[in-house]
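# Architecture at a glance
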Amino acid sequence: YCGFVAIVGRPNVGKSTLLNKLLGQKVSITSKKPQTTRHRILGIDTEDNYQTIFVDTPGLHIEEKRAINRLMNRAATSSLGDVAMVVFMVDGTHWTKDDEMVLGKLRHLPCPVVLAVNKVDNVKDKEDLLPHLEWLGQQMKFSHILPISAEKGTNVEKIREWAKDLL
Ligand code: GDP
Ligand code: MG
């Protein structure tokens, strides 16, 4: 086993917040300002009898005109080479075309992809999520679809468990 768990999604969906929550410490900078994570950040989750390497990726960008965006896209997609599981993160309060673009890059991966719908603590009417989830579910097969709050920790343990199941 030499896999990583890559956390992938457009900027600002909460990837770095999730990594920090999984590790129980602040290893990745989180910010309201998009593009705060510019490189891959590896975090090793050391439990009693196993370890999982989580990779926080820079957000993927549709716009590749700027060199910095090109570099960040490369840093994000190069994480997908020997990946054991992908956590595809979206923001349940805010959907954009960039989510679709990221999804397009994940569609043909051989590893399991978990769809994590983040910031559910801020979703007032959960029914509003359904059309988006339905659409996403039609685009590709997810191994799980999970509502989470990276900030509050809701359902974050599930991700740890599923990553462990791959060991
Ligand atoms: P990244 O660009 O995907 O790494 O996103 P960050 O982890 O930097 O988070 C972007 C913003 O979303 C920050 O202001 C976070 O505090 C906020 N955020 C992250 N997770 C949650 C969550 O579960 N609920 C809420 N309400 N806000 C969140
Ligand atoms: Mg980040």
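Overview of the structure. Everything quoted here is computed from the prediction, not taken from an experiment. (Residues numbered from 1 in each chain as written. Chains lettered and ligands numbered in written order. Predicted model: local features only at pLDDT ≥ 70, side-chain atom pairs only at ≥ 80, totals over all residues. Heavy atoms only, no water.)

Among the secondary structure elements, Ser 149 is positioned in the loop between strand E6 (144-147) and helix H5 (156-165). Setting aside its immediate chain neighbours within four residues, Ser 149 contacts Asn 118, Lys 119, Val 120, Asp 121, Thr 154 and Val 156. (Helix = DSSP H or I, 4+ residues; strand = E, 2+ residues; numbered from the N terminus. Contact = heavy atoms within 4.5 Å.)

Here Val 5 lies in strand E1 (residues 4-8). Val 5 sits in the buried class, given a relative accessible area of 0%. Between the C-alpha atoms of Val 5 and Lys 158, which are 153 residues apart in sequence, the distance is 13 Å. Those residues in contact with Val 5, other than ones at most four positions away along the chain, are Thr 52, Ile 53, Phe 54, Val 55, Val 83, Met 85, Val 87 and Ala 163. (Buried < 20%, exposed > 50% of the residue type's maximum accessible area, 1.4 Å probe, protein only.)

In any sheet, the strands associate via hydrogen bonds between backbone groups, in a parallel or an antiparallel arrangement. The strand order across the open sheet built from six strands is E2-E3-E1-E4-E5-E6, with neighbouring strands paired in mixed fashion. Each edge of the sheet is formed by a strand with only one pairing partner; in this case those strands are strand E2 (41-46) and E6. When the angles between neighbouring strand axes are averaged without regard to direction, this sheet yields 25 degrees. Across six bridges, the pairing between E2 and strand E3 (residues 51-56) is antiparallel. Paired with Ile 44 across the strands is Ile 53, a residue of E3. Helix-sheet contacts for helix H3 (residues 97-106) involve E1, strand E4 (83-91) and strand E5 (113-118), and the interaxial angle to E4 is about 165 degrees. (Pairing = 2+ DSSP bridges. Axes fitted to C-alpha atoms, helices over the stretch in contact; angles between N-to-C directions.)

What follows covers the site of ligand 1. Neighbouring ligand 1 are 17 residues; Asn 12, Lys 15, Thr 17, Asp 121 and Glu 151 lie closest to it. At 2.8 Å, a backbone N or O of Asn 12 approaches an oxygen atom of ligand 1. Between ligand 1 and the protein, one listed contact pairs an oxygen atom with a backbone N or O atom of Ala 150 at 3.0 Å. For ligand 1, whose free accessible area comes to 580 Å², the fraction covered by protein is 89%. Take the shell around ligand 1: its biggest share by element is three residues, from helix H1 (residues 15-23). (Near = heavy atom within 4 Å. Polar contact = N/O pair within 3.5 Å; in protein donor to acceptor, adjacent residues only side chain to side chain. Areas by Shrake-Rupley, 256 points an atom, 1.4 Å probe, with all protein chains shown as cover.)

For the structure on display, the rule yields five salt bridges. For Glu 100, the salt bridge goes to Lys 97, with nearest N and O atoms at 3.7 Å. One end of the pair, Glu 100, and the other, Lys 97, are both in helix H3, three residues apart, so they sit about a helical turn from each other. Each of Asp 45, Glu 157 and Arg 160 takes part in salt bridges that share partners, so that together they form one network. (Salt bridge = Lys/Arg side-chain N within 4 Å of Asp/Glu carboxyl O.)

One pass over the structure, following the stated rule, counts one aromatic pair. An angle of 20 degrees between the planes, with centres 6.3 Å apart, marks the rings of Phe 88 and Phe 142 as stacked. Of this pair, Phe 88 sits in strand E4 while Phe 142 sits in the loop between helix H4 (130-139) and E6, and the two are 54 residues apart along the sequence. Of the residues examined, Phe 142 reaches a relative accessible area of 7% and is grouped as buried. (Phe/Tyr/Trp six-rings, centres within 6.5 Å; stacked < 30°, edge-to-face > 60°.)

Moving on to the nonpolar core. Ranked by internal contacts, the top residues of the largest apolar core, which has 24 residues, are Val 86, Phe 88, Leu 106, Val 113, Leu 115 and Phe 142. If you list the elements that add at least two residues to this core, you get E1, E4, H3, E5 and H4. With 20 residues, the next largest nonpolar core counts Leu 18, Ile 148, Ala 150 and Trp 162 among its residues. (Core = buried A, V, L, I, M, F, W, Y, C linked by side-chain atoms within 4.5 Å.)

It is worth spelling out H1 at this point. Counting buried positions along H1 gives seven out of nine residues, so the element sits mostly inside the fold. Looking at H1, one finds that the buried residues are Lys 15, Ser 16, Leu 18, Leu 19, Asn 20, Leu 22 and Leu 23. Packed against the buried residues of H1 are E1, E2, E3, E4 and H5. Residue Gly 24 follows H1 closely and has a positive phi angle near 70 degrees.

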